[in-house]
Amino acid sequence: MGKRRSATEVAAVRARLKAEFVSNLSSPGMALEDMPLSSTDRCQWRCSADGCGHQWAARLQFRTRTVKPSGCPECWKRRNRAPGPGESLAELDPALARQFRRNLSRPDRRPDTLRPQSHDLCEWECAQGHFWPATLANRTNGRGCPDCTGHGRSPFECNVAMLVQAACGLDVELDHHLRLPGRRQDRFDLYLPEPAPGLLIDLDPEWTHNRPGSLERDTAKTKAALAAGLDVERIRSRGLPPVPVPGLAHHEAGPGVNPEDWAEAVGAVLRGRGLPWRQLTPAEVTTALTKGAQLWQKAVAGPEVSAVDVAPHLEEEFVANLTNPGKTPDRMPPGCNDVCLWRCRKPDCGYEWKAVLNSRALAGRGCSQCARAQVGAANSRPGPGESLAEVNPTMAEELIEVAGHPGWTAFDLLPTSNKTCQWQCPEPHCRFEYPAPPNRRTGQSSGCPRCARRRTVAARVRPKPGKSLQDVHPALAGELVEVIDEPDLTAKELRPSSTKLCRWACSKPGCPGRWDATPDQRSRRGGTGKRCPVCHPPRKGRTQP
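Residues numbered from 1 in each chain as written. Predicted model: local features only at pLDDT ≥ 70, side-chain atom pairs only at ≥ 80, totals over all residues. Heavy atoms only, no water.

Q: Could you give an account of helix α7 (residues 155–168), with specific residues and numbers?
A: The terminal C-alpha atoms of α7, which comprises 14 residues, lie 20 Å apart, in line with the 20 Å expected from a rise of 1.5 Å per residue. Across the 14 residues of α7, 11 count as buried, placing the element largely inside the fold. Those residues of α7 lying buried are Phe-156, Glu-157, Cys-158, Asn-159, Val-160, Ala-161, Met-162, Leu-163, Val-164, Ala-167 and Cys-168. Where α7 terminates, the next one or two residues include Gly-169, which has phi positive at roughly 75 degrees. (Helix = DSSP H or I, 4+ residues; strand = E, 2+ residues; numbered from the N terminus. Expected span 1.5 Å × (residues − 1). Buried < 20%, exposed > 50% of the residue type's maximum accessible area, 1.4 Å probe, protein only.)

Q: So, the state of the cysteines: which residues are in play, and what are the values?
A: Tallied over the full model, the rule gives zero disulfides. The thiol of Cys-502 is unpaired, and the distance to the nearest cysteine sulfur, on Cys-532, comes to 16 Å. (Disulfide = S-S within 2.5 Å.)

Q: Describe the pattern of salt bridges, naming the residues involved and giving the relevant values.
A: Per the stated rule, a full pass over the model turns up 30 salt bridges. Within the structure, one salt-bridge network assembled from shared partners comprises Asp-202, Asp-204, Asp-218, Lys-221, Arg-234 and Arg-236. (Salt bridge = Lys/Arg side-chain N within 4 Å of Asp/Glu carboxyl O.)

Q: Provide a residue-level description of the sheet that holds strand β9 (residues 199–204), including the pertinent values.
A: Taken in spatial order, the five strands line up as β7-β8-β9-β10-β11 in an open sheet, and their pairing is mixed. A strand with exactly one partner marks an edge of an open sheet, and here the two such strands are β7 (173–179) and β11 (251–253). Strand-to-strand twist in this sheet, taken as the mean axis angle between neighbours without regard to direction, amounts to 40 degrees. Alignment of strand β8 (residues 185–192) against β9, held across three bridges, turns out to be antiparallel. Each bridged residue has a counterpart across the sheet, and for Tyr-191 the counterpart in β9 is Leu-200. Sitting on the sheet, α7 is in contact with β7, β8 and β9, with an inclination near 35 degrees to β8. Packed on one face of the sheet, helix α9 (residues 214–227) meets β8, β9 and β10 (232–237) and runs near 160 degrees to β10. (Pairing = 2+ DSSP bridges. Axes fitted to C-alpha atoms, helices over the stretch in contact; angles between N-to-C directions. Contact = heavy atoms within 4.5 Å.)

Q: Got a sec to walk through the nonpolar core? Specific residues and values, please.
A: Counting residues in each nonpolar core, the largest one holds 31 residues, and the members touching the most others are Val-164, Leu-190, Ile-201, Leu-203, Ile-235 and Leu-270. Top contributing element to this core by residue count: α7, with nine residues. Judged by nonpolar contacts, the second largest core, of 17 residues, contains Leu-399, Leu-413, Cys-421 and Cys-425. (Core = buried A, V, L, I, M, F, W, Y, C linked by side-chain atoms within 4.5 Å.)

Q: Would you mind going over the sheet that holds strand β4 (residues 100–103) in detail, with residue names and values included?
A: A sheet is described by the order of its strands in space; here three strands give the open sequence β4-β5-β6, paired in antiparallel fashion. The sheet is open, and its two borders are formed by β4 and β6 (131–135), each paired with just one other strand. On average, each strand axis in the sheet is tilted by 30 degrees relative to the strand beside it, whichever way the strands run. Pairing analysis gives five bridges linking strand β5 (residues 121–125) to β6, with the strands arranged antiparallel. Residue Glu-123 lies in a different strand from β6, and its bridge partner there is Pro-133.

Q: Report on the side chain of Gln-44, specifying residues and quantitative values.
A: Within the secondary structure, Gln-44 is located in strand β2 (residues 42–46). By relative accessible area, which is 18% here, Gln-44 ends up buried. Looking at Gln-44, its side chain comes within polar contact range of the side chain of Gln-55, at 3.3 Å. For Gln-44, the residues in contact, after removing those within four places along its chain, are Glu-20, Phe-21, Val-22, Ser-23, Leu-25, Gln-55, Trp-56 and Ala-57. (Polar contact = N/O pair within 3.5 Å; in protein donor to acceptor, adjacent residues only side chain to side chain.)

Q: Would you mind going over unusual backbone geometry in detail, with residue names and values included?
A: For the bond running from Glu-194 to Pro-195, omega is -10 degrees, close enough to zero to count as cis. Its place among the elements puts Pro-195 in the loop between β8 and β9. Even without a glycine there, the phi angle at Asp-175 is positive, about 55 degrees. If you trace the backbone, Asp-175 turns up in strand β7. Exposure remark for Asp-175: the relative accessible area of 11% places this residue in the buried category. The phi angle at Arg-525 is positive, at roughly 55 degrees, despite the residue not being glycine. By relative accessible area, which is 64% here, Arg-525 ends up exposed.

Here is the structure:
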């Protein structure tokens, strides 16, 4: 059952719907206040959005459900239509539009015909030449290139950090995490712990800080850090507006992301604070940039122990990372909770399923289809003394093979198994082969279907007590010699109306008459039908002389 809504939540839902309620179509005259939120009554609604006013019919329970409540269909269509003037990605975020390469969901839609919050899957190319797929909404909300972001770092930040460390001789930490009062965990690009209490530096290049909302986020983060008594500096790319925080100096670098230019801007900040700084020689710059590249490679290489190190087979079964597209198991720790798509590596399976990475790397979960098959096979194998051969050896002798399981014998089957088997009737005159599972044979006591049909037919033709040929026509029964097809039958086992061909002998003394006829032919007309051909020869035609 779902979580029970509070009175405040119920009031909020009713207030939202009251502005759009028109009438109750199922129970005319009933007001919205008189209906429970789970009512199935069909109502008329009018959209309250500016410029819409569309009317539509929908059940109340669909509009009040907690998960994806229904709304105005016209507004929903409008959100998925091509953008109007001033609403496209190309107009609202031209920098992001320049990274667009192609639309994978709808190839005909491009930045000039896409809204910024569209969920179309597109291909992008970053400034470093990396290609990756991501939805437009994710990109608009701040998700960048996965190859240029290694655990909160970038090659640009790594290079700047190593240049600053070489020039000032102080330790520089990358991607410093802090939890400020009233905020979630924040990250600062550079942190110099000495001299105490330390200096936090954020680098704001244009390619990551010129998006809508970036200035507001930078301002809120800086204000929170200063309010907590921290020492913060921001270096922003030329052309970006300064962060409107009183007392915060505005430092510029760039344009572009040349690490030497940005390191020089950091040096100006440090020199202004009386901290050491020296100009690096070309050889020292090369060494520092080499260390930066090595630091970046370590960052993008993933954790020290990856999911592939713990479970190497995951690399073969990995298809795609659904939470962070482009990120592979060799760049994720074993405890990562990213949801991934997997494909079973067994040639005869190939099943695809979604699962969290840590459930596969740490919990050892695999293909659910193969697991069910293994569990079913394990449950179908008998224990000591439980096999069909041991419980019912007579039935086991009739087993020929188990369909789909070559090599299985009666020792591999439970008497209640539902696996189809091939059997052979043990009767010498039959030897019929037929398929059936053991549980049908043991539970329903079924056997050879051909013998069963024969027994059923025989039961149908056998007379009831007092109704046999012997009981009804004893004189005819005395003339019966044999039943031609079934010599074992007697007159006591034949109906008078039987159609079995029999041989008869005349009961009159000295008559040699013998003839073939069915009991039905003989019992007609009170037992005078088809009599002895010697005693009662057939009449000659009138035309005969």
